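Examining the three-dimensional arrangement
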Amino acid sequence: MPEFRLFNSLTRTIEPFAPADGHTVRFYTCGPTVYNPAHLGNFRTFLFEDLLRRVLRMRGWGVEQVMNLTDVDDKIIKRATEQKKTIREVTDPVVETFHEDREYLRIQRAEHYPRATDYIAEMIALVQRLEEKGLAYKADDGSVYFAIDKFPTYGKLSRLDTREIKAGARVAQDEYSKENAQDFALWKAAKPEDEAAEAVWDSPWGRGRPGWHLECSAMAMKILGETIDLHAGGIDLIFPHHEDEIAQSEGATGKTFARFWSHGEFLLTDGSKMAKRVGNVSNVADLRANGVSAAALRHFVFSTHYRKQLNLSGDALEASTEAVRRVGDFADRLEREQGGTPALAEAAEGLLVEAMNALAEDLNAPRATGALFEFITTANRELDLHGHDVEALVRAREAFRQVNSVLDIVPESGTEDRVLSEWVEGQLAARAAARQRRDFAAADSVRKALEEKGIAIEDSPTGTRWKKVH
Ligand code: AMP
Ligand code: ZN
């Protein structure tokens, strides 16, 4: 398999990526702020992260992914105040909707979905560490701030010009622009509306609540350790959110927080960023109401490289619906056919090589998708010849299944198969990790577990293939 390479926002170059321990990728993804159902812009980012996760697993690595749920921040408190509710009353139903939407879009479940409000003690401890190092101070407004001029590398991710830094000036909001590169709030003194919304906790600095950036640093380090392999999110998170996460984490530990930073570009509507405040959002409920399948949305999203902007339109979704119909018809045909031709086997091999190469080179999903459609054209032509080469047909099915296990763009119907695929891919990743640490007994027991479910596996230079034998 070709080496896996990924664009690292920290160095702004495409670099080889592998987990530090050689087998499990510690992967942190900034999750939704749960005051409102996530919109399709948010889901473009979560789909890019799903693609990344699936490619990492296909490479044979284990993935330990955290996606946090931000359930306390400025926006949530504002919403709670408007509705005369507590933050928990606002966020609980939204968390539920998030998981329903995620499952609809076939975004694989992460290993952890921590809620910020369950990690307040860790957040307080982190602020104390920063205080001990002289990086945090309590201001006269009762809040605790991070002193960016005491942290010389502040701005390294967003390449903030140091002249822009206004030492001593403070910004209290969770979101702010580069023009406001100032000391940011770690712990915010309680206001009456925070008390009313039950968004306050006791702390050494009095009653208050955490700043948004602090939440991710504390949860990431608690669950994944002080140095993680990969940290991802939408491009708007680079500043201030990720810059501040780095400052808080590295300021406290003196260690690299994340080895790799990966950011997905925006989803637009009519040329502007899809965003609540612009008022141009649509969500999964809208998709469902319009009969747009998960397969179609995934095809639409993966047809553009994750580092390019993508414009949502009815026409584009219709074209994707049509495209995945072709994929679904082809999937059905592959199951029905009895044999193929040697050229079909060759095309299958070509698909695997081209798709794996494309995905290995900075997640080039559009190229992988293109290879899949070329394969479908060739394969349909070959199948029309009604050949008797069973092995060729089996190769075609396997190649198709392997590529689709990453893109997941076959329209509804084969739900059972999908669940099986996900399970098998997970087992294969565990087996690869076991082999890497030379634990052949563990690797063998995975093979046995697969055989018990009627799954045969075969190792090849392009990875491990599998097929259902009965
Ligand atoms: P939020 O719920 O606002 O914290 O955002 C959750 C994720 O969605 C973050 O990674 C954002 O960067 C991402 N995001 C927000 N708007 C868009 C958009 N229009 N296109 C792509 N990603 C977005
Ligand atoms: Zn975050």
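Residues numbered from 1 in each chain as written. Chains lettered and ligands numbered in written order. Predicted model: local features only at pLDDT ≥ 70, side-chain atom pairs only at ≥ 80, totals over all residues. Heavy atoms only, no water.

We now examine the coordination of the zinc ion (ligand 2). On the protein side, the zinc ion (ligand 2) has Cys30 (SG), Cys216 (SG), His241 (NE2) and Glu245 (OE) as donor atoms, found 2.0 to 2.5 Å from it. For the zinc ion (ligand 2), the 4 donor atoms are set out with angles of 75 to 130 degrees between them, so the coordination reads as irregular. As a motif over one chain, the donors of the zinc ion (ligand 2) read C-x185-C-x24-H-x3-E. Linking Cys30 in the loop between strand S3 (24-29) and helix H1 (40-58) with Glu245 in helix H7 (residues 238-253), this pair joins segments that are 215 residues apart in sequence. (Donors = N, O, S within 2.8 Å, 3.2 Å for Na, K, Ca; no water. Tetrahedral: all angles 85-135°; square planar, octahedral: opposite > 155°, others 65-115°. Helix = DSSP H or I, 4+ residues; strand = E, 2+ residues; numbered from the N terminus.)

All told, the structure shown has 38 salt bridges when counted by the stated rule. Close ionic contact of Arg431 with Asp459 constitutes a salt bridge, the shortest N to O distance being 2.9 Å. Of this pair, Arg431 sits in helix H14 (residues 415-436) while Asp459 sits in strand S15 (residues 455-460), and the two are 28 residues apart along the sequence. Judged by relative accessible area, which is 4%, Arg431 ranks as buried. Here the salt bridges do not stand alone but share partners, grouping Asp50, Arg54, Arg106, Arg298 and Asp408 into one network. (Salt bridge = Lys/Arg side-chain N within 4 Å of Asp/Glu carboxyl O. Buried < 20%, exposed > 50% of the residue type's maximum accessible area, 1.4 Å probe, protein only.)

The next subject is the packing of aromatic side chains. Under the definition given, this model contains 18 aromatic pairs. A centroid spacing of 6.1 Å and a plane angle of 85 degrees characterise the contact between Phe17 and Trp61, whose relative ring orientation is edge-to-face. Here Phe17, found in the loop between strand S2 (13-16) and S3, pairs with Trp61, found in the loop between H1 and strand S4 (62-67); they are 44 residues apart in sequence, far enough to count as distant. The burial state of Phe17 is the same as that of Trp61; both residues are buried. Residues Trp187 and Trp205 carry aromatic rings whose centres are separated by 6.1 Å and whose planes lie at 50 degrees to one another, so their mutual orientation is tilted. Taken together, the positions of Trp187 in strand S8 (residues 183-189) and Trp205 in the loop between helix H5 (192-196) and strand S9 (208-210) put the pair 18 residues apart, joining distant regions of the chain. Like Trp187, the residue Trp205 is buried in the burial classification. Clustering of aromatic rings is evident, with ring pairs tying together Phe4, Phe17, Trp61 and Phe260. Note that Arg170 overlies the ring of Tyr145, its terminal NZ or CZ placed 5.3 Å from the centroid. (Phe/Tyr/Trp six-rings, centres within 6.5 Å; stacked < 30°, edge-to-face > 60°. Lys NZ or Arg CZ within 6 Å of the ring centre and 35° of its normal.)

A few words now on the nonpolar core. Phe4 and Phe375 are the most contacted members of the largest nonpolar core, which has 85 residues in total. Split by domain, the residues of this core number at least three in each of domain 1 (17-269) and domain 2 (291-407). For Phe4, the contacting residues outside a window of four places in its chain are Glu15, Pro16, Phe17, Leu52, Val55, Leu56, Arg59, Trp61, Leu359, Ala360 and Leu363. Judged by nonpolar contacts, the second largest core, of 55 residues, contains Ala80, Tyr154, Leu160 and Leu214. (Core = buried A, V, L, I, M, F, W, Y, C linked by side-chain atoms within 4.5 Å. Domains from an automatic or database assignment. Contact = heavy atoms within 4.5 Å.)

Working note: α-helix, 3.6 residues per turn, so residues spaced by three or four point in the same direction. Among the 9 residues that make up helix H9 (residues 294-302), 9 are buried, leaving the element largely enclosed by the rest of the structure. Buried residues of H9: Ala294, Ala295, Ala296, Leu297, Arg298, His299, Phe300, Val301 and Phe302, and no others.

This brings us to the side chain of Glu243. Along the chain, Glu243 turns up in helix H7. Buried within the structure, Glu243 lacks any salt-bridge partner; its nearest side chain of opposite charge belongs to Lys156, at an N-O separation of 7.3 Å. A polar contact is formed between the side chain of Glu243 and the side chain of Ser158, at a distance of 2.5 Å. Not counting chain neighbours up to four residues away, the residues in contact with Glu243 comprise Tyr154, Gly155, Lys156, Leu157, Ser158, Arg159 and Ile238. (Lys, Arg positive; Asp, Glu negative; His and termini not counted. Polar contact = N/O pair within 3.5 Å; in protein donor to acceptor, adjacent residues only side chain to side chain.)

What follows deals with the environment of Pro411. Here Pro411 is to be found in the loop between helix H13 (390-407) and H14. Taking relative accessible area as the criterion, Pro411 reaches 22% and is therefore assigned partly exposed.

Estimated volume of the largest pocket: approximately 1,100 Å³. If you go around the largest pocket, you meet 48 residues; those closest to its centre are Thr33, His39, Asn42, Lys75 and Asp236. Mapped onto the lining of the largest pocket, the elements with two or more residues apiece are H1, helix H2 (74-83), helix H3 (87-104), helix H6 (212-224), strand S10 (228-234) and H7. Of the residues that constitute the lining of the largest pocket, the class distribution is 21 nonpolar, 14 polar and 13 charged. (1 Å grid on protein atoms, 1.4 Å probe; cavity = no way out; pocket = protein on both sides within 12 Å on 5 of 7 lines; lining within 4 Å. Points joined across faces, edges and corners; volume = space filled by probe spheres on them. Nonpolar A, V, L, I, M, F, W, Y, C, P; charged D, E, K, R; others polar.)

Bringing the domain arrangement of the protein chain into the picture now. Here the protein chain is described as being made up of domain 1 (17-269), domain 2 (291-407) and domain 3 (415-468). Computed from C-alpha coordinates alone, the two centres of domain 1 and domain 2 are separated by 36 Å. Contacts between the two partners involve 23 residues from domain 1, matched on the other side by 27 residues from domain 2. Contact with domain 2 buries surface across domain 1, with Arg44, Leu51 and Met58 losing the most and accounting together for 27% of the total. Inspection of the region where domain 1 meets domain 2 yields 1 salt bridge. Its salt-bridge partner being Arg298, residue Asp50 comes within 2.8 Å of it at the nearest N-O pair. Where domain 1 packs against domain 2, one counts 11 residue pairs in polar contact (both at pLDDT 80 or more). Contributing elements (two or more residues each) for the side of domain 1 that touches domain 2: H1, strand S11 (258-264) and strand S12 (267-269). Among the elements that line the side of domain 1 that touches domain 2, the one with the most residues is H1, at 10 residues. (Buried area = accessible area lost by both parts, 1.4 Å probe.)

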